[in-house]
Structure formats: structure tokens, C-alpha cells
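The lines below spell out each chain.
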Amino acid sequence: MARIIVVTSGKGGVGKTTTSAAIAMGLAKRGHKTAVIDFDVGLRNLDLIMGCERRVVYDFINVINGEASLKQTLIKDKRCNQLFILPASQTRDKDALTKEGVGKVLEELSKEFKYVVCDSPAGIEQGANLAMYYADDAFVVTNPEVSSVRDSDRMLGILASKSRRAENGDEPINEYLLLSRYSPARVKAGEMLSVDDVQDILSLELLGVIPESKSVLNASNAGLPVILDEQSDAGKAYVDIVARYLGEDKPHRFIDEKKGILGKLFRS
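Residues numbered from 1 in each chain as written. Predicted model: local features only at pLDDT ≥ 70, side-chain atom pairs only at ≥ 80, totals over all residues. Heavy atoms only, no water.

Visitor: Could you give me a rundown of the overall build of the protein, with the residues and numbers involved?
Guide: Of regular secondary structure, the protein possesses 13 helices and eight strands. Radius of gyration (C-alpha) of the protein: 18 Å, near the 18 Å computed for a compact globule of 268 residues. By its C-alpha atoms, the protein is 65 × 40 × 30 Å across when sized along the principal axes. Residues counted as buried form 53% of the 268 residues belonging to the protein. (Helix = DSSP H or I, 4+ residues; strand = E, 2+ residues; numbered from the N terminus. Rg over C-alpha atoms; globule rule 2.2 N^0.38 Å. Buried < 20%, exposed > 50% of the residue type's maximum accessible area, 1.4 Å probe, protein only.)

Visitor: Describe the sheet that holds strand β6 (residues 137-142), naming the residues involved and giving the relevant values.
Guide: Spatially, eight strands are ordered β3-β4-β2-β5-β1-β6-β7-β8 in an open sheet, and the strand pairing comes out mixed. What marks the edges here is a single partner per strand, and that holds for β3 (75-76) and β8 (205-211). Against the sheet, helix α10 (residues 195-202) touches β6, β7 (174-182) and β8, its axis set at about 150° to β7. (Pairing = 2+ DSSP bridges. Contact = heavy atoms within 4.5 Å. Axes fitted to C-alpha atoms, helices over the stretch in contact; angles between N-to-C directions.)

Visitor: Please give an account of the nonpolar core that cites residues and values.
Guide: Of all hydrophobic cores here, the largest spans 49 residues; its most connected members are Phe39, Phe60, Leu97, Val102, Leu106, Leu109 and Val116. Per element, the largest residue contribution to this core is five residues, and it comes from helix α7 (residues 146-161). Once you skip the residues sitting within four places of it in the chain, Val116 turns out to touch Ala2, Arg3, Ile4, Ile5, Ala35, Ile37, Leu106 and Leu109. In this structure, Ala28, Leu46, Val117 and Tyr245 belong to the second largest nonpolar core, which totals 39 residues. (Core = buried A, V, L, I, M, F, W, Y, C linked by side-chain atoms within 4.5 Å.)

Visitor: Got a sec to walk through the side chain of Ser163? Specific residues and values, please.
Guide: Its place among the elements puts Ser163 in the loop between α7 and α8 (164-168). We classify Ser163 as buried; its relative accessible area is 2%. Only 3.4 Å separates the side chain of Ser163 from the backbone oxygen of Leu159, close enough to count as a polar contact. If sequence neighbours within four positions are ignored, Ser163 has contacts with Met132, Tyr133, Ile158 and Ile173. (Polar contact = N/O pair within 3.5 Å; in protein donor to acceptor, adjacent residues only side chain to side chain.)

Visitor: How would you explain unusual backbone geometry if you had to name every residue and give the values?
Guide: In the Ramachandran plot, Arg181 falls in the positive-phi region, its phi being about 55° despite a non-glycine side chain. Mapped onto the secondary structure, Arg181 falls in strand β7. Accessibility expressed as a relative area gives 41% for Arg181, which makes it partly exposed. You will see that Ser203, though not glycine, has its phi angle at about 55°, which is positive. Relative to the assigned elements, Ser203 resides in the loop between α10 and β8.

Visitor: Which residues make up the pattern of salt bridges, and what values go with them?
Guide: Enumeration according to the criterion identifies ten salt bridges in this entry. For Arg186, the salt bridge is made with Glu212, and the minimal N-O distance between the two is 3.4 Å. One end of the pair, Arg186, is in helix α9 (residues 184-188); the other, Glu212, is in the loop between β8 and α11 (214-221), and 26 residues separate them in sequence. Using a relative accessible area of 32% as the deciding quantity, one classes Arg186 as partly exposed. When its relative accessible area of 43% is taken as the criterion, Glu212 is described as partly exposed. Each of the salt bridges in this network shares a partner with another, and the network as a whole consists of Arg186, Glu191 and Glu212. (Salt bridge = Lys/Arg side-chain N within 4 Å of Asp/Glu carboxyl O.)

Visitor: I'd like a rundown of the confidence of the model for the protein, residues and numbers included.
Guide: For any part of a model where pLDDT is low, the fine detail of the predicted coordinates should not be relied upon. Summarising the model, the protein shows a mean pLDDT of 92, and 96% of its residues fall at 70 or more. The low-confidence segment residues 261-268, where pLDDT is below 50, has two contacts with residues more than four positions distant or belonging to other chains. (pLDDT = per-residue confidence, 0-100.)

Visitor: Break down the environment of Lys78 for me, with residues and values.
Guide: Considering the arrangement of structural elements, one finds Lys78 in the loop between β3 and β4 (83-86). Residue Lys78 is classed as exposed on the basis of its relative accessible area of 72%. Taking C-alpha positions, Lys78 is 9.8 Å from Met50, a pair spaced 28 residues apart along the chain.

Visitor: Please provide a residue-by-residue account of the packing of aromatic side chains, values included.
Guide: This model, assessed by the stated rule, comprises seven aromatic pairs. Between Phe84 and Phe113, the aromatic rings sit 5.6 Å apart at their centres with planes inclined by 75°, giving edge-to-face as the arrangement. A residue pair is termed long-range when its members are at least 10 positions apart, and Phe84 in strand β4 and Phe113 in the loop between α5 (99-110) and β5 (115-119) qualify at 29 residues. Residue classification places Phe113 among the buried positions, given a relative accessible area of 4%. Taking the centre distance of 4.8 Å and the plane angle of 85° together, the rings of Tyr133 and Tyr134 count as edge-to-face. A network of ring pairs unites the aromatic residues Tyr115, Phe139, Tyr176 and Tyr245 as a single cluster. One residue, Lys33, lies across the ring of Phe113, its end atom 5.2 Å from the ring centre. Across from the ring centre of Tyr133, 4.3 Å away, lies the NZ or CZ of Lys99, which sits over that ring. (Phe/Tyr/Trp six-rings, centres within 6.5 Å; stacked < 30°, edge-to-face > 60°. Lys NZ or Arg CZ within 6 Å of the ring centre and 35° of its normal.)

Set out below in C-alpha cells:
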């Protein structure tokens, strides 16, 4: 059976789709057969970040409605043969997603894949609720600012009460914190919450800190998951995140401000 991961947050624009693409690619590059699903019906973006928008023929809703098979719909990534993308529909309403339909698709994917990554839309509407309902693990993505953290805290309440695991009285969803667009310099200047501040509020295991970086936008515009940009700090951060998720002990980077050459020469 596949391990189902939901990438979620309460607030839009925090980097969920960037994270979903990077995590899925990272798992696949480690040799694990992985599918990544876009749950944002009507506002499809995952295919753009994965660079496969011109190869979309059928979508998630077509599969749910029996209009196409998973085999017809899944798009195999050209850079990694272990990674497959299930795009969202741009023309259907979010209500086209149903609990039964999503469950059947995930059950079918679970027969073939080791990991299924669910890219959740923002907020608490149908798509977001269904993206997290069947999850085993939740990657809670938040920016280090008060409104983002508050919205993430609300999502934790939903994860704890409205998932299939909660309804069945099973072990709770494993919840991990991913702190995105982090700038130690801005934290030092009092313009952002620190890692400790966010953890104090959310009480989640820190899986990784993704630094504020132009490489994320550049990679997205190029249709390239940023984890493949191995020279960028953001790419390195996602490599570390995947390794930690898979059980490796990796020290956290990008939390402290980088020292310049003089700082390195004269540090105590």
C-alpha cells in the first residue's frame, strides 16, 4: 500500500505546489515510485511547475467520472521514470471531487505506487478537505508570519478531527512542519517569526526550512521542480527534507544567517 502524503496549509501562496513537486521528485529520484496529484480543481498549476502542461489530455475528474483510466491520464515525468503526475481539471467545479471518487483513485494508485503526494489547494473547502482526508502524513507548509501560522494552526485542527484516520479511531496523521521563504536576516531584524516562534505556536516536528530564494521562481517558470536545481539553497533544502522524511539524520541548514568572508575569518 502506498504512503499518502498531503501537502497543506490554510493560506494560499506559501509554496504548497512548489513543495509537492519537489517532494514527489525527490522521492522518485531516490528510487521510490511516486505519483503526485493536483487537487486544485479549476486552478491547475502543478502541471506548469512539473513542465508537462502540454501533455495533459485527461485529468483527475475524468478518472473519477470514469471518462478515462488512470493509465490514460497519468503523465510520466521525462526526467525521472519513477514519477507520474495526475493533473487537475481547469474547467470543472471543485464539487466534482467526491470522497468516494477520490478514495477509489487513491486505492488504485496504492496498488502500484510507494508514495502518493496530494497537492492541496488553500483554505478549507472541498478540495482541501479531500486532499487531507485519506492522508497518512501531512506536510504543513507555512511562512514565518503570523497570519500564515494562524491559518496552519487551524488546518491542524481539521487534520486531527476530519480525516479518515480520526473517524476510524486509528493512529493520527503524522504531521511535519515545513517553513518556507525563511530569511535569517529578516528574523534578526524583527520582520519575521523565528523557527522557535513558529514551533512554539504549532508544536510540530520541523522537517525543514526552505530559504527565501529567487531560484524557486526561476525553477517554476522553467517548469522544473526546484529540487533539481542542486546549486540553489532551496534545492538543497528540499533534498534534506526528503532525506529526513525517509529517516536520515540531517542537520538543519538555512536557519542561521550566512557569514561573509570576514565573518568566517574572525569568528570565535
